[in-house]
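Tertiary structure, described
Listed below are the residues making up each chain.
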Amino acid sequence: MSLSTKDKALVKTFWDKASKKADDVGSEALSRMLVTYPATKTYFANWDDLRPGSAPVRKHGKVIMKGLATAVSKIDDLENGLSKLAEMHATKLRVDPANFKILSHCILVVLSMMFWNDFTPETHVAMDKFLSRVSQAMSEKYR
Amino acid sequence: MVQWTEAERAAIVSLWGKLSPDEIGPQALSRTLIVYPWTQRYFSSFGNLSSPAAILGNAKVAAHGRVVMGALDKAVKNMDNIKAVYNDLSVMHSDKLHVDPDNFRLLSDCITVCVAAKLGPSVFNADVQEAFQKFLAVVVSALGRQYH
């Protein structure tokens, strides 16, 4: 599944709006992931507070959203654009790639809550495809 | 058997009471057909599904969205017995409708998106989302149970 010209345009337009609340989106999405999919907490065992909206969660939410901003800016070549991040997740963090799908879902849920008027069905499919492509690019270096 | 905490039960019942099935059902099913277009394979008798606008305006899609919500309502009212209550539905989806069970997951993701947007982040908080997604996972599992 690749992104059409229309998909990319929809993603960029929507991201222009959504990125203004990037910190909140990141924190909410990560919070929800940790609560709804408790197995994901295993990657953050060194944090002292895994509760929704906690300081480490807010901080890491920002990091994730920065990564997504990079992805949007490199939407025409995600594999190269995300290659350093992919390398890090594969070799250093060793996050099971199945988790990219889980986080993507949580991001979509938060975006739909915060930007429903802009999260039209066409934008929804473009964002779902985009996050799916990002997940794929992030999985490139695993083996 | 599924173990529900009191908090989870309360969250699901309370959330369900705030939703209008006539609104969420059609919305979630339309989104599924648009966001995951291969799901349209099961609805060739529904007429025009050729564009998001066509799907959103399709009366058969809307009607079927309401049917799906009716079934979910039954699950909410029988939370300790979903497997048994869904037995015949599972047989039907397997043997008569031949629906790949992965589609149930796709629909439940769209239901979550629509419900979240309807209720907003302070009502649909992380704990409520956890309870609701657990509920949907039980429903999805029950629907796939009789496949062979």
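Note: the structure precedes this text.
Fair warning: this is a prediction, and the values are worked out from it, not measured in the lab. (Residues numbered from 1 in each chain as written. Chains lettered and ligands numbered in written order. Predicted model: local features only at pLDDT ≥ 70, side-chain atom pairs only at ≥ 80, totals over all residues. Heavy atoms only, no water.)

What follows concerns the pattern of salt bridges. Evaluated as defined, the whole model comprises 15 salt bridges over all chains. Among the salt bridges present, the one from Arg133(A) reaches Glu79(A), with a minimum N-O distance of 3.0 Å. One end of the pair, Arg133(A), is in helix H7 (residues 121-138); the other, Glu79(A), is in helix H4 (residues 78-81), with 54 residues separating them in the sequence. The shortest N-O distance in the salt bridge between Lys118(B) and Glu23(B) comes to 3.0 Å. Here Lys118(B), found in helix H7 (residues 102-119), pairs with Glu23(B), found in helix H2 (residues 21-35); they are 95 residues apart in sequence, far enough to count as distant. (Salt bridge = Lys/Arg side-chain N within 4 Å of Asp/Glu carboxyl O. Helix = DSSP H or I, 4+ residues; strand = E, 2+ residues; numbered from the N terminus.)

Okay, helix H4 (residues 59-77) of chain B next. Residue and element names in this part refer to chain B. Here H4 spans 27 Å end to end across 19 residues, near enough to the 27 Å set by a 1.5 Å rise per residue. Those residues of H4 lying buried are Val61, Gly65, Met69, Ala71, Leu72, Ala75 and Val76. Seen from one end, H4 has its buried residues packed into an arc of 155 degrees, which puts them on one side. What points out from H4, more than 90 degrees from its buried face, is the exposed set Ala59, Val67 and Lys77. Where H4 begins, the capping side chain belongs to Asn58, and its oxygen is found 2.8 Å from the backbone nitrogen of Lys60. (Expected span 1.5 Å × (residues − 1). Buried < 20%, exposed > 50% of the residue type's maximum accessible area, 1.4 Å probe, protein only. Arc of directions from axis to C-beta. Polar contact = N/O pair within 3.5 Å; in protein donor to acceptor, adjacent residues only side chain to side chain.)

Now for the packing of helix H6 (residues 98-114) of chain A against H7(B). Look at H6(A) against H7(B): their axes get within 7 Å of each other, and the N-to-C directions meet at 35 degrees. Note on packing geometry: the crossing formed by H6(A) with H7(B) is right-handed. Together, Lys101(A), His105(A), Val109(A), Ser112(A) and Met113(A) of H6(A) and Arg105(B), Asp109(B), Thr112(B), Val113(B), Ala116(B) and Ala117(B) of H7(B) make up the contact between the two elements. Within the contact of H6(A) with H7(B), the residues separate by chemical class into five nonpolar, three polar and three charged. (Axes fitted to C-alpha atoms, helices over the stretch in contact; angles between N-to-C directions. Left-handed = near helix turned anticlockwise from the far one by under 90°. Contact = heavy atoms within 4.5 Å. Nonpolar A, V, L, I, M, F, W, Y, C, P; charged D, E, K, R; others polar.)

All right, on to the state of the cysteines then. All names here are of chain B. Applying the stated criterion across every chain yields a total of zero disulfides over all chains. With no disulfide of its own, Cys110 has Cys114 as its nearest cysteine by sulfur position, at a separation of 6.5 Å. A residue is classified by how much of its surface remains accessible, and Cys110, at 0% relative accessible area, is buried. (Disulfide = S-S within 2.5 Å.)

What follows covers the interface of chain B and chain A. Contacts between the two partners involve 25 residues from chain B and, on the opposite side, 22 residues from chain A. Counting the contacts that link chain B with chain A gives zero salt bridges. For the pair chain B and chain A, the interface holds nine residue pairs in polar contact (both at pLDDT 80 or more). Looking at the side of chain B that touches chain A, the elements that each hand over two or more residues are H2, helix H3 (52-56), H7 and helix H8 (126-144) of chain B. Sorting elements by how many residues they give to the side of chain B that touches chain A places H7(B) first, with eight residues. When grouped by side-chain class, the residues that make up the side of chain B that touches chain A number 14 nonpolar, six polar and five charged.

In this section: the nonpolar core. A general tendency of soluble globular proteins is for nonpolar side chains to be buried together. Phe130(A), Phe124(B) and Phe135(B) are the most contacted members of the largest nonpolar core, which has 89 residues in total. Broken down by element, the residue count for this core peaks at ten residues, all from H7(B). If we ignore the near neighbours within four places in the chain, the residues touching Phe135(B) are Trp4(B), Ile12(B), Leu72(B), Ala75(B), Val76(B), Met79(B) and Ile82(B). (Core = buried A, V, L, I, M, F, W, Y, C linked by side-chain atoms within 4.5 Å.)

On inspection of all chains with the given rule, the structure shows nine aromatic pairs over all chains. Between Phe44(A) and Trp47(A), the aromatic rings sit 4.5 Å apart at their centres with planes inclined by 35 degrees, giving tilted as the arrangement. Of the two residues, Phe44(A) and Trp47(A), both sit in the buried class. Look at Phe124(B) and Phe132(B): their rings are 6.2 Å apart centre to centre, the planes differ by 80 degrees, and that puts the pair in the edge-to-face class. Taking the relative accessible area as the measure of exposure, Phe132(B) reaches 1% and is therefore buried. (Phe/Tyr/Trp six-rings, centres within 6.5 Å; stacked < 30°, edge-to-face > 60°.)

Let us now look at the packing of H2(B) against H4(B). All names here are of chain B. Taken N-terminus to C-terminus, the directions of H2 and H4 make an angle of 115 degrees; their axes are 7 Å apart at the nearest point. Relative to H4, the element H2 is oriented roughly perpendicular. Crossing angle aside, the handedness with which H2 passes H4 is right-handed. Here Pro21, Asp22, Ile24, Gly25, Pro26, Leu29, Ser30 and Leu33 of H2 come into contact with H4, specifically with Val61, Ala62, His64, Gly65, Arg66 and Met69. Per-class residue counts for the contact of H2 with H4 are eight nonpolar, four polar and two charged. (Parallel < 35°, antiparallel > 145°, perpendicular 65-115°, else oblique.)

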